[in-house]
Amino acid sequence: MSLHDDAVLVLKGYEGQDELRQAYLDHLAAHPDGMWKACHAGHVTASALVVDPEHGRVLLTLHRKLRMWLQMGGHCEPGDATLAAAALREATEESGIPGLTLLPGGPVRLDRHPIPAPCHWHFDVQYTALAPRGAAHAISDESLDLRWFAYDEVREVADESVVRLLEGTRARL
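What comes next is a walk through the structure. Owing to the predicted nature of the structure, the values given are computational and were not obtained by experimental measurement.

1. Considerations on the overall build of the protein chain
Helices and strands together make up the secondary structure of the protein chain, namely five helices and eight strands. Element order for the protein chain, N to C, with α for helix and β for strand: α-α-β-β-β-β-α-β-β-β-β-α-α. In terms of overall dimensions, the protein chain has a C-alpha envelope of 45 × 30 × 30 Å along the principal axes. Evaluated residue by residue, the protein chain yields a buried proportion of 48% over its 173 residues. Looking at the protein chain alone, contacts between residues at least 24 apart form 66% of all its contacts between residues at least 6 apart. Summed over all atoms, the accessible surface of the protein chain reaches about 8500 Å², with 54% contributed by carbon and sulfur. Treating the 16 positive side-chain charges of the protein chain as one cloud and the 25 negative ones as another, the clouds have centres 2 Å apart.

Here's what the structure looks like:
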């Protein structure tokens, strides 16, 4: 099964955000290359909010280009067998934390946002990654900073998409 096929199956099984979910499916139906950065009409990305439920906190990255506190995530790569694998790879690479596991139940949210040319849209499929006990993070080249925030601090530092992702995550925990 291709990554494109996996994305279609994941999205067909995702419950909620029906109109947005259909926009993702329509995009993939119209663009066989819609999983890849080279698709200038937009492409699917995978992200994961790293959480430490035991301590009620979230690890956010200060994105080097955007200069915003965000969850870990990015473009799918040819070696990614599934969207979940892409999200877990991105979370591990950007957090430096080995042993992350995805919260069961598939994606937590979808978030489509415009990006600068030449591409037009990121169709982000958002997961949650659970940090193992005693996790130590390490800043990657893609980050200016990496910091744990208490759940109630996230609204003060991050945009609404991250706040909604945290709300969806907490509803599942």
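2. Remarks on the pairing of strand β1 (residues 43-52)
With 10 of 10 residues buried, β1 lies mostly within the body of the structure. Alignment of β1 against strand β7 (residues 121-130), held across nine bridges, turns out to be parallel. Bridged to Val-44 within β7 is Phe-123. Where β1 meets strand β4 (residues 72-75), four bridges bridge the pair, whose relative direction is antiparallel. Its bridge partner being in β4, Ala-46 is matched across the sheet by Gly-74. Across three bridges, β1 lies against strand β2 (residues 57-63) in antiparallel orientation. Across the sheet, Val-51 pairs through a bridge with Val-58, a residue of β2. Connecting the antiparallel pair β1 and β2 is a turn made up of four residues, with Gly-56 showing a positive phi of about 60 degrees.

3. Looking at the environment of His-75
Here His-75 lies in strand β4. With a relative accessible area of 25%, His-75 lands in the partly exposed category. For His-75, the contacting residues outside a window of four places in its chain are Lys-37, His-43, Thr-45, Arg-89, Glu-90 and His-122. Here His-122 takes part through its side chain, which lies 3.3 Å from a polar atom of the side chain of His-75.

4. Some thoughts on the pattern of salt bridges
Counted under the stated rule, the structure contains 10 salt bridges. Across the pair Glu-90 and Arg-89 runs a salt bridge whose closest N-O atoms are separated by 3.1 Å. Relative accessible area serves as the criterion here: at 4%, Glu-90 is assigned to the buried category. It is possible to trace a salt-bridge network through shared partners that takes in Glu-77, Asp-80, Arg-89, Glu-90 and Glu-93.

5. Re unusual backbone geometry
With omega at 15 degrees, the peptide bond leading from Ala-117 into Pro-118 counts as cis. Counting through the fold element by element, Pro-118 comes out in the loop between β6 (109-114) and β7. The backbone of Gln-17 shows a phi angle near 50 degrees, a positive value even though the residue is not glycine. Here Gln-17 is to be found in the loop between α1 (3-13) and α2 (18-30).

6. With respect to α2
The terminal C-alpha atoms of α2, which comprises 13 residues, lie 18 Å apart, in line with the 18 Å expected from a rise of 1.5 Å per residue. All of the buried residues in α2 are Leu-20, Arg-21, Tyr-24, Leu-25, His-27 and Leu-28. In an axial view of α2, the angular spread of the buried residues amounts to 155 degrees, which keeps them on one side of the axis. For α2, the exposed residues lying more than 90 degrees away from the buried face are Asp-18, Glu-19, Ala-29 and Ala-30.

Calculation notes
- Residues numbered from 1 in each chain as written.
- Predicted model: local features only at pLDDT ≥ 70, side-chain atom pairs only at ≥ 80, totals over all residues.
- Heavy atoms only, no water.
- Helix = DSSP H or I, 4+ residues; strand = E, 2+ residues; numbered from the N terminus.
- Buried < 20%, exposed > 50% of the residue type's maximum accessible area, 1.4 Å probe, protein only.
- Contact = heavy atoms within 4.5 Å.
- Areas by Shrake-Rupley, 256 points an atom, 1.4 Å probe, with all protein chains shown as cover.
- Lys, Arg positive; Asp, Glu negative; His and termini not counted.
- Charge placed at Lys NZ, Arg CZ, Asp CG, Glu CD.
- Pairing = 2+ DSSP bridges.
- Polar contact = N/O pair within 3.5 Å; in protein donor to acceptor, adjacent residues only side chain to side chain.
- Salt bridge = Lys/Arg side-chain N within 4 Å of Asp/Glu carboxyl O.
- Expected span 1.5 Å × (residues − 1).
- Arc of directions from axis to C-beta.

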